Amino acid sequence: MAKYDPKMAAFYRRRAKARLDPEFRPPVRACAGCQRPATSSRHQLCDACREESRQRRNKVWADRGPRLTPKERGYGPEHARTRARWKPEVDAGGVACNICGRLIVQGSPWHLSHPNDDKRLEPAPAHAKCNIQFAAAVTAHRRRRERNT
Ligand SMILES: [Zn+2]
Ligand SMILES: [Zn+2]
């Protein structure tokens, strides 16, 4: 049984009504950006706003510079080998996360992460969650610094 969803219920009610009443037109939504009538029922934004947001996004990407390959980011075959070397130990549940210091419980997702984000240091296992949080913090810090220079 599908769960009752008031949004979907309203949608089905509208559709049923549209079938019965040839004069009925579904209400025109407003664009989430400019509040003018939406140009498509599939998108939150109208064509103009969508194009604008696409260009803004492209600019952000362009400002971040060229995309690095996995190898340039330090995730080449070496990374795969290091991971393979750690795997049996981590799988056995005997390795501590190099970020929070707590045990990586058997079966929980883990990454390899350079201690203190120092690419010269040998990467070591970390909880996937810790690594993602840590990477986000490092990136935010770097962006802040870039903005201030
Ligand atoms: Zn718009
Ligand atoms: Zn951790």
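Residues numbered from 1 in each chain as written. Chains lettered and ligands numbered in written order. Predicted model: local features only at pLDDT ≥ 70, side-chain atom pairs only at ≥ 80, totals over all residues.

Peer 1: How would you sum up the overall build of the protein chain? Please name residues and give values.
Peer 2: Check the secondary structure of the protein chain and you find 4 helices and 2 strands. Ordered by position from N to C terminus, the α and β elements of the protein chain give α-α-α-β-β-α. In terms of overall dimensions, the protein chain is more spread out than a globule: its C-alpha atoms have a radius of gyration of 25 Å, far above the 15 Å expected for 149 residues. If one aligns the C-alpha atoms of the protein chain with their principal axes, the spans along those axes are about 70 × 50 × 25 Å. Per-residue burial over the protein chain gives 11% buried out of 149 residues. Summarising the internal contacts of the protein chain: among those between residues at least 6 apart in sequence, 25% fall at separations of at least 24. (Helix = DSSP H or I, 4+ residues; strand = E, 2+ residues; numbered from the N terminus. Rg over C-alpha atoms; globule rule 2.2 N^0.38 Å. Buried ≥ 20, exposed ≤ 12 C-beta atoms within 10 Å, placed from the backbone. Contact = placed C-beta atoms within 7 Å.)

Peer 1: Mind laying out the domain arrangement of the protein chain, listing which residues take part and the relevant values?
Peer 2: By domain assignment, the protein chain separates into domain 1 (7–63) and domain 2 (77–148). Computed from C-alpha atoms alone, the centre-to-centre distance between domain 1 and domain 2 is 41 Å. (Domains from an automatic or database assignment.)

Peer 1: I'd like a rundown of the nonpolar core, residues and numbers included.
Peer 2: With 7 residues, the main nonpolar core is built from Val90, Cys97, Ile99, Ile104, Trp110, Ala126 and Phe134. Leave out the neighbours within four places in its chain, and Val90 touches Val95, Ile104, Trp110 and Pro125. (Core = buried A, V, L, I, M, F, W, Y, C linked by C-beta atoms within 7 Å.)

Peer 1: Explain unusual backbone geometry to me, using residue names and the numbers behind them.
Peer 2: Its identity as a non-glycine residue notwithstanding, Gln35 has a phi of 70 degrees, on the positive side. Along the polypeptide, Gln35 turns up in the loop between helix H1 (6–20) and helix H2 (47–63). With a phi angle near 60 degrees, Asp117 is a residue other than glycine that sits in the positive phi range.

Peer 1: Tell me about the environment of Thr69, residues and numbers included.
Peer 2: Relative to the helices and strands, Thr69 is located in the loop between H2 and helix H3 (77–91). Sequence-wise, Thr69 and Arg13 are 56 residues apart; in three dimensions their C-alpha atoms are separated by 50 Å.

Peer 1: Tell me what's going on with helix H4 (residues 128–148), and back it up with residues and numbers.
Peer 2: Helix length check: H4, at 21 residues, gives a terminal C-alpha distance of 30 Å against a target of 30 Å (1.5 Å per residue), a fit within 8%. Within H4, only 2 of the 21 residues are buried, which leaves it mostly out in the open. (Expected span 1.5 Å × (residues − 1).)

Peer 1: Help me get a handle on H3, residues and values and all.
Peer 2: The end-to-end C-alpha distance of H3, which contains 15 residues, comes to 21 Å, matching closely the 21 Å that a straight helix rising 1.5 Å per residue would cover. By the criterion of burial, H3 is predominantly exposed, with just 1 of the 15 residues buried. Where H3 terminates, the next one or two residues include Gly93, which has phi positive at roughly 80 degrees.

Peer 1: Can you lay out the environment of Arg56 for me, pointing to particular residues and giving the numbers?
Peer 2: Counting through the fold element by element, Arg56 comes out in helix H2. With 40 residues separating them along the chain, Arg56 and Ala96 place their C-alpha atoms 42 Å apart.

Peer 1: Can you break down the environment of Cys34 residue by residue, with the values?
Peer 2: By the secondary structure assignment, Cys34 is in the loop between H1 and H2. Placed 83 residues apart in sequence, Cys34 and Asp117 show a C-alpha to C-alpha distance of 42 Å. Discounting residues that sit within four places of it in the chain, Cys34 has contacts with Cys46 and Cys49.

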